[in-house]
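Tertiary structure, described
Residues per chain are reported as follows:
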Amino acid sequence: MFCFFFQAEDGIRDYDVTGVQTCALPIFDVAAQDSTGPVLLEPPPSRLEELTAQPNDTEGPAAANQSSSDYWIISSRRCPQSGIPQCTPEQFDYFHVTANGRTCASTMAAFKRHLDPNVPICIVVHGSYSPWKSLVVESVAVNRWLRETAADRPLHVVFYTWPSDAITMILPAIDIAILGRRASFNGFYLSQLIQQTPDRSQISFFAHSHGSRVVASALHLLDGGQLRKYQLRVPGRGNRTLRPIFVAAAIDHHWLNPGERFGRALNQIKDGLVLYNHNDLALTIYPLRRLFSHRPLGLVGFDRKDRHLQSNRGNKLVEVDVTPLVDTGHFWTHYFNQPRIAAAMKPYLFFDQDNPKSHPRTGDGFSSGNANCAASGRVISDSSSRAKPVSIDGR
């Protein structure tokens with residue numbers, strides 16, 4: 001009897017790849033590619049029937065204010081996904097979805113003109129296994145859900161999409177490892193996109209699953225951090241205010257601690273939200289992707305050690321247990337049909353003047369007095385005892 005053990009790493013640690021690893025992960029040679037343009041990973045989105053072919057460069061803040069339902073899709077799917085991050089924001093694919101549902105190919109210049117500095121921006125970043133066509137369809141419902149949290153208030157909604165399709169089709173552990181590394185790589189692209197927004201913008205991030213890696217990576221890089229020996233040529237967020245919302249986060253629970261993989265990310269944020277679910281089936285197998293892996297943030301939240309290490313940064317991240325609402329669900333379709341979750345996110349999306357970390361009243365969707373889920377807030381802070389999580393019930 002022969003037993004084989006395969007360890008699917010979070011990508012290749014060494015750039016000189018040898019041995020069996022070359023059978024598991026695709027090798028991308030930057031030098032061998034045409035340096036005049038991005039590598040074609042899939043058919044350009046403009047070839048799909050949902051999109052028009054002509055750029056629309058005529059829009060500005062006035063057009064943005066005429067509608068409360070239009071949004072943008074910005075894609076790095078045709079950019080290199082390994083090696084040196086070669087794409088600049090000018091090379092991303094930009095699409096503007098108007099209020100009447102018409103999708104127009106556009107440009108970075110038109111996108112920048114469209115943004116009103118006085119209107120908050122929400123950047124939505126999906127997780128793995130989100131092909132282009134699904135993103136185009138689901139973005140309609142997600143955009144509507146985000147806006148319904150405060151229908152009378154303007155909000156710029158931007159979907160940042162990256163190549164997250166299945167790779168091997170038959171070996172999920174390998175797919176998850178490759179896509180996780182690719183998500184981190186896209187932090188280079190997202191961080192540069194953030195720097196293209198108006199300098200005093202208020203930006204929230206709805207980061208789902210591996211999308212949390214994209215956002216955490218981008219924040220880490222904006223603070224001058226390094227990933228795979230690379231860093232931004234010009235780091236910094238300027239005068240922008242940033243608030244991440246990590247949803248079902250597929251990152252190790254300790255990676256935001258100082259000195260860890262994304263250890264500088266929280267230096268860049270005002271505050272943020274972590275939605276976790278103890279019953280998330282997809283995240284229960286997350287530690288199996290490699291030996292001695294830690295449990296994911298979206299499954300367990302932060303532990304006592306994490307909170308102690310974070311204590312010198314103040315009370316920046318609020319953790320909310322959404323298990324009673326989402327149960328075994330993981331995909332963002334399990335979240336964007338939940339008005340109670342949207343209500344919890346509202347202060348972070350619209351940058352309300354009231355402190356979003358203040359706990360909601362009992363009866364507003366948060367449960368209390370439960371042996372499993374108490375209503376006292378679990379916030380990263382210097383605490384000698386283990387605080388209990390805020391919980392959203394399903395009643």
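In this text, all values refer to a predicted model and were calculated from it rather than measured experimentally. (Residues numbered from 1 in each chain as written. Predicted model: local features only at pLDDT ≥ 70, side-chain atom pairs only at ≥ 80, totals over all residues. Heavy atoms only, no water.)

1. What to know about the pattern of salt bridges
In the structure shown here, the tally under the stated rule is six salt bridges. A salt bridge links Arg264 to Asp223, with the shortest nitrogen-to-oxygen separation between them at 3.0 Å. Of this pair, Arg264 sits in the loop between β7 (241-247) and β8 (272-276) while Asp223 sits in the loop between α6 (211-222) and β7, placing them 41 residues apart in sequence. (Salt bridge = Lys/Arg side-chain N within 4 Å of Asp/Glu carboxyl O. Helix = DSSP H or I, 4+ residues; strand = E, 2+ residues; numbered from the N terminus.)

2. Things to note about the packing of aromatic side chains
What the rule picks out here adds up to nine aromatic pairs. Between Trp72 and Phe111, the aromatic rings sit 5.2 Å apart at their centres with planes inclined by 70°, giving edge-to-face as the arrangement. You can see Trp72 sitting in strand β1 (residues 71-75) and its partner Phe111 sitting in helix α3 (residues 108-114), a full 39 residues away along the chain. A relative accessible area of 2% means that Trp72 is categorised as buried. A relative accessible area of 2% places Phe111 in the buried class. Consider the rings of Phe95 and Trp132, whose centres lie 5.6 Å apart with planes at 55°: the pair is tilted. Taken as a pair, Phe95 in strand β2 (residues 93-97) and Trp132 in helix α4 (residues 132-148) lie far apart in primary sequence, 37 residues in all. A relative accessible area of 3% means that Phe95 is categorised as buried. Every member of this aromatic cluster is reached through a ring pair, and the members are Phe92, Phe185, Phe188 and Tyr189. One residue, Arg261, lies across the ring of Trp255, its end atom 4.0 Å from the ring centre. (Phe/Tyr/Trp six-rings, centres within 6.5 Å; stacked < 30°, edge-to-face > 60°. Buried < 20%, exposed > 50% of the residue type's maximum accessible area, 1.4 Å probe, protein only. Lys NZ or Arg CZ within 6 Å of the ring centre and 35° of its normal.)

3. Some points on α4
Because each turn of an α-helix spans 3.6 residues, side chains separated by three or four positions in sequence point in the same direction. End to end, α4 covers 25 Å across 17 residues, agreeing with the expected 24 Å (1.5 Å per residue, within 8%). Lining the buried residues of α4 we find β1, β2, β4 (121-125), β5 (156-161), β6 (202-208) and α11 (339-350). (Expected span 1.5 Å × (residues − 1). Contact = heavy atoms within 4.5 Å.)

4. Regarding the state of the cysteines
Under the criterion given, the structure shown has one disulfide. Through a disulfide, Cys79 is tied to Cys87; the S-S separation comes to 2.3 Å. Around the S-S axis, the bridge from Cys79 to Cys87 shows a dihedral of about -95° and counts as left-handed. When sorted by exposure, Cys79 lands in the same class as Cys87, which is buried. (Disulfide = S-S within 2.5 Å.)

5. Looking at unusual backbone geometry
Phi at Tyr129 takes a positive value of approximately 60°, unusual for a residue other than glycine. Within the secondary structure layout, Tyr129 lies in the loop between β4 and α4. Of note, Ala248 is a non-glycine position whose phi angle comes to about 50°, a positive value. Along the chain, Ala248 turns up in the loop between β7 and β8.

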